[in-house]
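Structure assessment
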Amino acid sequence: MKLAVLISGNGTNLQALIDASRRPGFGASLEVVVCDKPDAFGLERAVSAGIPTEVIGWTSERNASTERLLEILDQYDVEALVLAGFMRILGPAAISRFPNRIINIHPSLLPDFPGYDAIGAALAEGVETTGVTVHFVDEEVDHGPIIAQRTVAVAPDETRESLASRIHEVEHELLPSVVSDFANGRLRPIEPLAT
Ligand code: GRF
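Along each chain, numbering runs from 1 in the same order as the chain's sequence is written. Residue-level local features of this predicted model are given only where pLDDT is at least 70; pairs of side-chain atoms are given and counted only at 80 or more, and the full residue set underlies all totals for whole chains, interfaces and linings. Note: side-chain values were computed over all heavy atoms of the structure, leaving out hydrogens and water.

Details of the side chain of Ser 108
Strands are runs of DSSP state E lasting at least two residues, helices are runs of H or I lasting at least four, and both sets are numbered from the N terminus onward. Structurally, the position occupied by Ser 108 is in the loop between strand S5 (102–106) and helix H5 (118–125). For every residue, the accessible area (1.4 Å probe, protein chains only) is compared with the maximum for its type, and the residue is labelled buried under 20%, exposed over 50%, or partly exposed between those bounds. Taking the relative accessible area as the measure of exposure, Ser 108 reaches 0% and is therefore buried. Two N or O atoms count as a polar contact when they lie within 3.5 Å, although within protein this holds only if one can serve as hydrogen donor and the other as acceptor, and sequence-adjacent residues are included solely when both atoms are side-chain atoms. A polar contact is formed between the side chain of Ser 108 and the backbone oxygen of Asp 112, at a distance of 2.6 Å.

Here you go:
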């Protein structure tokens, strides 16, 4: 399965996908990495891995930006998208072009703590358990059929850095595994974990 990975930043999840895609049986190839920030470190990861990169100027005209994205994706003939830290909201044209074919990873147990700072929000709320969600993207933000979730316990003396680091470790294992299952036709959406 031909994939595009969309990023905005450091790209550690992209790196996990790159590493997994080199193993036999992964079932998908990373055809292009698209980024809305020209100086994102994730772009260097893609270049080092020999994956084509595209920087897309994203404006408040979401639908026009989405059309430009779809044109790029057409050039690479991609069949599905992975949002790995892409900090933009796709317009409806992308969702209808790739129904249940856009996978997002989010650092909370959705539907809890959607939005920009999910780790900070979980800490501020004082929850004992948070986690990671991988889901298909629909037209709402951090919403859509849930594919997989993993819990992460919040320690009493937790800092933002320590929690983020444990969440990232879980992400780096979960996302490649879900993407591989998806590419190999082994996925079923699940109900959210009760928290
Ligand atoms: C991850 O925590 C992901 O859940 C969120 O954005 C972060 C991206 O991190 N959507 P990285 O760029 O993959 O390191």
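There is more to say, and it comes next.
Structural notes on the packing of aromatic side chains
Stacked, tilted and edge-to-face are the three classes applied to pairs of Phe, Tyr and Trp rings, where Trp contributes its six-membered ring and a pair requires centres within 6.5 Å; stacked means planes under 30 degrees apart, edge-to-face means over 60, and tilted covers the rest. One pass over the full model with this rule turns up 2 aromatic pairs. A ring pair is formed by Trp 58 and Phe 86, whose centres lie 5.6 Å apart and whose planes are at 85°; its orientation type is edge-to-face. Note that Trp 58 is positioned in the loop between strand S3 (53–55) and helix H3 (62–76) and Phe 86 in the loop between strand S4 (80–83) and helix H4 (92–97), a separation of 28 residues in sequence. For Trp 58, a relative accessible area of 11% gives the class buried. In this structure Phe 86 comes out as buried when scored by relative accessible area, which is 7%. Look at Phe 136 and Phe 182: their rings are 5.6 Å apart centre to centre, the planes differ by 65°, and that puts the pair in the edge-to-face class. Here Phe 182 lies in helix H6 (residues 160–183) and Phe 136 lies in strand S6 (residues 129–136), a separation of 46 residues in the sequence. Judged on exposure class, the residue Phe 136 and its partner Phe 182 are both buried.

A word on the site of the ligand
Throughout this document, a residue counts as near a molecule or strand when at least one of its heavy atoms sits within 4 Å of that molecule or strand. Around the ligand, the surrounding shell consists of Asn 10, Gly 11, Thr 12, Asn 13, Gly 85, Ile 105, His 106, Pro 107, His 168 and Glu 171. Residue His 168 places a side-chain N or O atom 3.3 Å away from an oxygen atom belonging to the ligand. Here the ligand loses 84% of its free accessible area of 370 Å² to cover by the protein chains. Of all the elements in the fold, those that place two or more residues in the shell around the ligand are helix H1 (12–21), S5 and H6. The residue classification treats Ala, Val, Leu, Ile, Met, Phe, Trp, Tyr, Cys and Pro as nonpolar and Asp, Glu, Lys and Arg as charged. All others, Gly included, are polar. Looking at the shell around the ligand residue by residue, the class counts come to 2 nonpolar, 7 polar and 1 charged. For every accessible area listed, the method is Shrake-Rupley and the probe measures 1.4 Å; residues are considered covered only by the protein chains on display.

Considering the packing of H5 against H6
The convention used is that axes are lines fitted to C-alpha atoms, helices contributing only their stretch in contact, and that angles between N-to-C directions extend from 0 to 180 degrees. At a minimum axis distance of 10 Å, the contact between H5 and H6 shows a crossing angle of 125°. Between H5 and H6, the interaxial angle falls into the category oblique. Like other packed secondary-structure pairs, H5 and H6 cross with a definite hand, here right-handed. Contacts from Ile 119, Gly 120 and Leu 123 in H5 reach Arg 160, Leu 163, Ala 164 and Ile 167 in H6. Residue composition of the contact of H5 with H6, by class: 5 nonpolar, 1 polar and 1 charged. Oblique is the label for any angle not under 35 degrees, not over 145, and not in the 65 to 115 range, which are roughly parallel, roughly antiparallel and roughly perpendicular in turn. Helix crossings get a hand from a simple test, with the near helix turned counterclockwise from the far one by less than a right angle marking a left-handed crossing and a clockwise turn marking a right-handed one. In what follows, residue pairs with any heavy atoms lying within 4.5 Å of each other are defined as contacts.

A closer look at the nonpolar core
We define a nonpolar core as any set of buried Ala, Val, Leu, Ile, Met, Phe, Trp, Tyr and Cys residues linked to one another through side-chain atoms lying within 4.5 Å. Val 5, Leu 17, Ile 103, Val 134, Leu 175 and Val 179 are the most contacted members of the largest nonpolar core, which totals 39 residues. Beyond its immediate chain neighbours, meaning those up to four positions away, Leu 175 contacts Asn 13, Leu 17, Val 82, Ala 84, Ile 103, Ile 105 and Val 134. Among the nonpolar cores identified, the runner-up in size contains 21 residues, and Trp 58, Leu 70, Leu 73 and Tyr 76 belong to it.

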